[in-house]
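Observations on the three-dimensional arrangement
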Amino acid sequence: MTTFRISPAVADAFPDTLIAVVTATGLRGHEPWPATTTALEDLERQLADGTWAPADEADPRIEAWHTAYRSFGTNPRRIRPSVDALGRRMAKKGTLPRINPAVDSYNTVSIRHSLPAGAFDLDHVTGDVEIRYADGTETFTPLGEPETVEHPKPGEIIYTDTTDVLTRHWNHRDAHRTRVTEDSTHAAFVLETLAAARDGHLLKTAAGELQDLLTEHAAESTVHYLSPVHPQVST
């Protein structure tokens with residue numbers, strides 16, 4: 001069992017935060033996921049037809065993350081929130097990247113609802129996961145760069161377990177160690193908003209859509225919600 005926790009300092013600074021933690025056990029990442037493929041292709045078709053486009057930084061959902069990034073000293077136009085970077089990439093290329101079925105699922109839901117999303121292979125997470133301010137002593141190995149070691153600056157918001165950092169700049173980039181692959185069988189997916197009063201319904205819809213995509217290819221899935229009012233959930 002893994003506990004996810006928001007630190008009191010982060011909860012105080014962002015009191016309208018709501019995070020969905022969608023967990024799946026018994027994932028089968030090597031089989032076809034036709035519903036995910038269809039969802040991806042539908043978004044790409046809508047973009048090509050001009051009937052839909054990814055949210056940009058003028059959208060309140062993206063702008064809120066830019067404001068948050070600036071508050072902890074990160075330039076969001078240089079180091080972008082994950083959903084902002086994904087949207088810009090899709091608008092430019094016309095397609096979403098194909099990584100693996102589980103990652104493709106959360107990317108699709110993320111871009112459709114303009115909410116940051118990420119994932120952790122829970123078999124590679126050590127201890128509990130906390131969202132907190134970095135103190136500058138932590139280490140981070142970026143996804144796809146297993147030989148690289150970075151050190152978040154003091155005051156940067158991070159996801160971390162008892163070994164090292166899982167995500168830098170709140171949701172900019174995940175770690176290599178806990179990446180979700182086709183071989184992952186036990187994973188947690190997070191969807192986030194800083195404006196629950198306005199966008200909480202979108203977050204819950206997105207979490208339900210992600211759970212639906214996962215459930216067809218997992219033995220079990222659950223959804224928990226993390227907030228300053230409920231700052232800790234066990235998966």
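Below or above, wherever it landed, is the structure these notes cover. (Residues numbered from 1 in each chain as written. Predicted model: local features only at pLDDT ≥ 70, side-chain atom pairs only at ≥ 80, totals over all residues. Heavy atoms only, no water.)

1. Observations regarding helix H5 (residues 101-113)
Look at H5: 19 Å from first C-alpha to last across 13 residues, which is about the 18 Å you get at 1.5 Å a residue. Here H5 lies mainly inside the structure; 12 of its 13 residues are buried. Immediately beyond the C-terminal end of H5, within one or two residues, lies Ser114, with a positive phi of roughly 60°. (Helix = DSSP H or I, 4+ residues; strand = E, 2+ residues; numbered from the N terminus. Expected span 1.5 Å × (residues − 1). Buried < 20%, exposed > 50% of the residue type's maximum accessible area, 1.4 Å probe, protein only.)

2. A short note on the side chain of Thr178
When you line up the elements, Thr178 lands in the loop between strand E7 (173-174) and strand E8 (186-193). Note on Thr178: relative accessible area 1%, which makes it buried.

3. Quick look at the sheet that holds strand E3 (residues 117-121)
Overall, antiparallel pairing links the four strands, which are arranged E3-E8-E2-E9 in an open sheet. A single partner strand is all that each edge strand has here, and the edge strands are E3 and strand E9 (220-226). Strand-to-strand twist of the sheet, defined as the mean angle between neighbouring strand axes without regard to direction, takes the value 20°. Examined bridge by bridge, strand E2 (residues 18-25) and E9 share seven bridges and lie antiparallel to one another. (Pairing = 2+ DSSP bridges. Axes fitted to C-alpha atoms, helices over the stretch in contact; angles between N-to-C directions.)

4. Some remarks on a positive patch on the surface
Taken together, the side chains of Arg88, Arg89, Lys92 and Lys93 define a basic patch exposed on the protein surface. Along the chain, Arg89 falls in helix H4 (residues 82-93). Arg89 gets classed as partly exposed once you look at its relative accessible area, which sits at 41%. (Patch = residues over 30% accessible without salt bridge, like charges linked within 9 Å, V, L, I, M, F, W, Y side chains within 5 Å. Areas by Shrake-Rupley, 256 points an atom, 1.4 Å probe, with all protein chains shown as cover. Salt bridge = Lys/Arg side-chain N within 4 Å of Asp/Glu carboxyl O. Lys, Arg positive; Asp, Glu negative; His and termini not counted. Charge placed at Lys NZ, Arg CZ, Asp CG, Glu CD.)

5. A word on the sheet that holds E7
Reading across from one edge, E7-E6-E5-E4-E1-E10 is the order of the six strands in this open sheet, with mixed pairing throughout. Only two strands of the sheet have a single partner each, and these edge strands are E7 and strand E10 (232-234).

6. Some details on the packing of H5 against helix H6 (residues 196-215)
Where H5 contacts H6, the axes come no closer than 10 Å and their chain directions differ by 155°. Here H5 lies roughly antiparallel to H6, going by the angle between them. When you trace H5 past H6, the crossing you get is right-handed. Across the interface between the two elements, Ser105, Tyr106, Val109, Arg112 and His113 of H5 pack against Leu202, Thr205, Ala206, Glu209, Leu210 and Leu213 of H6. For the contact of H5 with H6, the per-class residue count stands at six nonpolar, three polar and two charged. (Parallel < 35°, antiparallel > 145°, perpendicular 65-115°, else oblique. Left-handed = near helix turned anticlockwise from the far one by under 90°. Contact = heavy atoms within 4.5 Å. Nonpolar A, V, L, I, M, F, W, Y, C, P; charged D, E, K, R; others polar.)

7. Focus: the nonpolar core
Of all hydrophobic cores here, the largest spans 25 residues; its most connected members are Phe4, Ile19, Ile131, Tyr159 and Trp170. Counting residues per element, the ones that place at least two in this core are strand E1 (3-6), helix H1 (8-13), E2, helix H3 (60-71), strand E4 (129-133), strand E5 (157-160) and E8. If one sorts the elements of this core by residue count, H3 sits on top with three residues. Residues within four places of Phe4 in sequence aside, it is in contact with Val21, Phe120, Leu122, Val129, Ala188, Val190, Leu226, Pro231, Gln232, Val233 and Thr235. By size, the runner-up hydrophobic cluster in this structure holds 24 residues, among which are Ala20, Val22, Leu115 and Ala117. (Core = buried A, V, L, I, M, F, W, Y, C linked by side-chain atoms within 4.5 Å.)

8. Considering the packing of aromatic side chains
Scanning the entire structure with this criterion turns up six aromatic pairs. Ring centres of Tyr69 and Phe72 lie 5.3 Å apart, and the angle between their planes is 45°; on these two criteria the pair is classed as tilted. Between Phe120 and Tyr159, the ring centres sit 5.5 Å apart and the planes meet at 40°, which makes this aromatic pair tilted. Taken together, the residues span a long stretch of sequence, with Phe120 in strand E3 and Tyr159 in strand E5 at a distance of 39 residues. Take Phe120: its relative accessible area is 1%, and that puts it in the buried class. Here a set of aromatic residues connected by ring pairs shows up, and it is made of Phe4, Phe120 and Tyr159. Across the ring face of Tyr225, the terminal group of Lys204 is positioned such that the distance to the ring centre comes to 5.7 Å. (Phe/Tyr/Trp six-rings, centres within 6.5 Å; stacked < 30°, edge-to-face > 60°. Lys NZ or Arg CZ within 6 Å of the ring centre and 35° of its normal.)

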